[in-house]
Amino acid sequence: MSAKTIYEAPRPEARPGETVVTSTCGHNCGGRCVVNAHVIDDKIVKISTDQRRWNPEHPPLPACARGVGQIEKVYHPDRLKYPMRRVGPRGSGEFERISWDEALDEIAAQLLRVRETYGNAAILDGSRSGNTSILHNRNTTLRFLNLFGGCTEMWSNMSAEAEVFSVRTTFGDKVGYKAAGREPTDYVNSKLIIMWGWSPGDGTFGTGTMQYLKHAKEHGVRIICVDPRRHRTSQALADEHIFIRPSTDTAALLAMAYIIVTEDLHDQAFLDRYVQGFDEATLPEGAKPGSSWKAYLLGEVDGQPKTPEWASEICGIPADVIRRLAIDYATSKPAALQCGYAPGRTLYGEHFHRAAYGLAALTSSIGQIGGNTGVSNGATGRCGFRNFPAGENPIKRHVSTPLLADFLEKGKAGGYPADIKLIYNAGGNIFNQASNAGKVIKALENVEFIVGQDHSLNPSVLYADIVLPATTFWERNDIHTPWAGAGHYAIFMRKAIEPMYECRNDIDIFADLAARVGIEGYNDKTELEWLRELTEGNIDDFDAFMREGVARLPAPEDAVAFAKEIRDPENHKFATPSGKIELYSTHLQNDPNPYGIGEIPPIPVWISHAETNEEFPLRHHSSKSRARTHSIHANQEKLGKVDPDNIWIHPQDAEERGIQDGQPVKVMSAYGATILPARVTENVGLGITSMKEGKWYTPDAEGVDRAGCANAITGDLTAPSGATTYNTNFVEVRPVNPMPAE
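J.: How do you make sense of the sheet that holds strand 10 (residues 222-226) when you look at a structure like this?
T.: Through backbone hydrogen bonds, the strands of a sheet pair up, either in parallel or in antiparallel fashion. Here four strands make up an open sheet; going across it, the order is 11-10-9-13 and the pairing parallel. Edge positions in the open sheet fall to strand 11 (240-242) and strand 13 (335-339), since each of these has one partner strand only. Neighbouring strand axes in the sheet, compared pairwise and without regard to direction, differ in orientation by 20 degrees on average.

J.: Can you help me understand the sheet that holds strand 14 (residues 422-426) in this one?
T.: The seven strands are arranged 6-5-16-15-14-7-8 in an open sheet whose pairing can be described as mixed. This sheet does not close on itself; its edge strands, each paired only once, are strand 6 (95-97) and strand 8 (152-153). In the sheet, strand 5 (residues 84-86) pairs with strand 6 via three bridges, with the strands oriented antiparallel. By the bridge assignment for strand 6, Met84 is matched with Arg97. Of the strands in this sheet, strand 7 (123-125), strand 8 and strand 14 are in contact with helix 4 (residues 139-147), which crosses strand 7 at around 155 degrees.

J.: Can you help me understand the state of the cysteines in this one?
T.: Two cysteines, two sulfur atoms, one covalent bond between them: this is a disulfide. Summed over all chains, the structure comprises zero disulfides. Looking at Cys29, it has no disulfide partner, and the nearest cysteine sulfur is the one in Cys25, 5.5 Å off. Here Cys383 is not cross-linked by a disulfide; its sulfur's nearest cysteine counterpart is in Cys33, at 16 Å. Owing to a relative accessible area of 18%, Cys383 belongs among the buried residues under this scheme.

J.: Would you take a moment to explain the layout of surface pockets for this structure?
T.: Over the atoms, a rolling probe the size of a water molecule traces out where space has been left empty. One number sums up the size of the second largest pocket: a volume of about 570 Å³. Around the second largest pocket sit 40 residues that line it, and Glu183, Pro184, Thr185, Tyr212 and His488 are the ones nearest its centre. With three residues, the top contributor of residues to the lining of the second largest pocket is helix 7 (residues 209-218). A class-by-class count of the residues in the lining of the second largest pocket yields 20 nonpolar, 13 polar and seven charged.

Calculation criteria
Residues numbered from 1 in each chain as written. Predicted model: local features only at pLDDT ≥ 70, side-chain atom pairs only at ≥ 80, totals over all residues. Heavy atoms only, no water. Pairing = 2+ DSSP bridges. Helix = DSSP H or I, 4+ residues; strand = E, 2+ residues; numbered from the N terminus. Axes fitted to C-alpha atoms, helices over the stretch in contact; angles between N-to-C directions. Contact = heavy atoms within 4.5 Å. Disulfide = S-S within 2.5 Å. Buried < 20%, exposed > 50% of the residue type's maximum accessible area, 1.4 Å probe, protein only. 1 Å grid on protein atoms, 1.4 Å probe; cavity = no way out; pocket = protein on both sides within 12 Å on 5 of 7 lines; lining within 4 Å. Points joined across faces, edges and corners; volume = space filled by probe spheres on them. Nonpolar A, V, L, I, M, F, W, Y, C, P; charged D, E, K, R; others polar.

See the structure below:
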């Protein structure tokens, strides 16, 4: 890789009468690929991608099915075409066409009324990650609402808050979780990779990640997968698959740590120099005796050593397998633990990530070539690119995102900071993606006014009072960086076509609203002026970048996060209070309940929470669809054929319930029910079920979802770190219509 920025145009030559424009999907999709629009007469007629041969030193950026499927999205018959006002009951889909002036005047009047009557805290920002590029993103909404006097926010990351919290707690407040792992170029340097709850073959997790894993395997790297299901990545790459019960991963990691310590396989010198709180000698001032991680692992205080036998009863992995895996990880130098987000989307998910970082510290894998922290993101983050500035929110009390349903239902009476009366939802299908969708929808009865600003009538827009049609990324200019914080490149998202119908850019919609409510200074720049400013210092030739489409930025000095901190600890300390890796957190010692939603011990521990019951005996979790980016694309019939929706169930569990493969089944939990086909397969563990998240919530008259929406059956509970708890879930599955015996 060159030490200078390289600008390249990974697109075919245009044919006569055609223009070929390079862009990338603007969504929170897991990748960041090249999608080229072939345009004739202001219409995209074809999408192509980067066709270059794979090269680990200069990898191409090929698109997945979702990238190619963008043509179906932009020209979908359900595309919102003009502003609309609701004329029937919420959720009925009954709207009338109105003008932009009518729509914006009404929204402005409602914003002013709610602010005057209830205060700014009664306004909720419902926007999320439908747009994640550097200019046209959620900040367009936040900037407007902040200048309006503020709003209540759902503050936590729905995908990865357990990891966001754990990275900051363990490695330092200033550390971005997208830069706390390693570059995929380093995979080949490992002797062993343990993929724990991580499947880039399904959820992408970085363009080229699968190719780099295949490259590593071809060079002799062993791969072990630990997951409740044998996913596409495991089937393609794993030398061994180990099934585990959802929401029990922390127990297995603690037992591995126990074996590493009791077998004297840990690196004591590394722990002494770089780590706080492994043993009593490195505890901070004020810590209670016996509060070190080692003391906890050995059971010195609670009387329960965290043995493989103890963990096996919880997680379902045989004790001898846990023991063997621990020894393998500790002795296969260098070894890398690559953890996904899914095990952290549990009731105490922060302990999973912190325990994984603890294992990496025990084996001195952090900061080492071929090793890893336990984070599966890259080491470069967003390469220094900045976002459209949101400004500061004057309203300081916010709510953990998984609590949306309860917050809307109870408001101040439930101890929340406000009673929400107005929701502005731009590019965020939060009613569908938040836990307990049925409760969310019912609680909207307490909300007086809802704005939906998007591309189609997704479940969140369907319940809006005013609907505004927004542009897609093809209809505007923008820039994007790698989703996984790896690969050190950027893509210029060149405008390919003029805005369709009456669609408008979010930033222009908010500029017009700002004028109507008396806000000055919302936007004083053009798109290109903003993009030049936001990339200043990182792009040395903006015109070349815009013309060619892809900027290959210089590779980082180190492909592994925290290499400098390990190599030169005197001059490069960790950004924690102690300057070390904190297995025992100083912050949590001083404030064990940082968000007011539950106490978190200073060290990673197991907190019992994953017991099934007779009514709901199956442990359920959700996975990613290759046909969707969360809920985006859920209405695309052609793209949906790439990865059909169903619920995975083990043959023994299916036989006990009279379920046959392909049969419609009703999935029930304490929170709701949904119907979708069964997939009877040995690729999911016994007593475990799995379905893909993101289908659009479509309840019938009895409130049963008919579309296979994962959040029809999830509970609106939060982890103490603010993480979602989708994968702490217990269900029963029954046939809808019993099929005749064969």
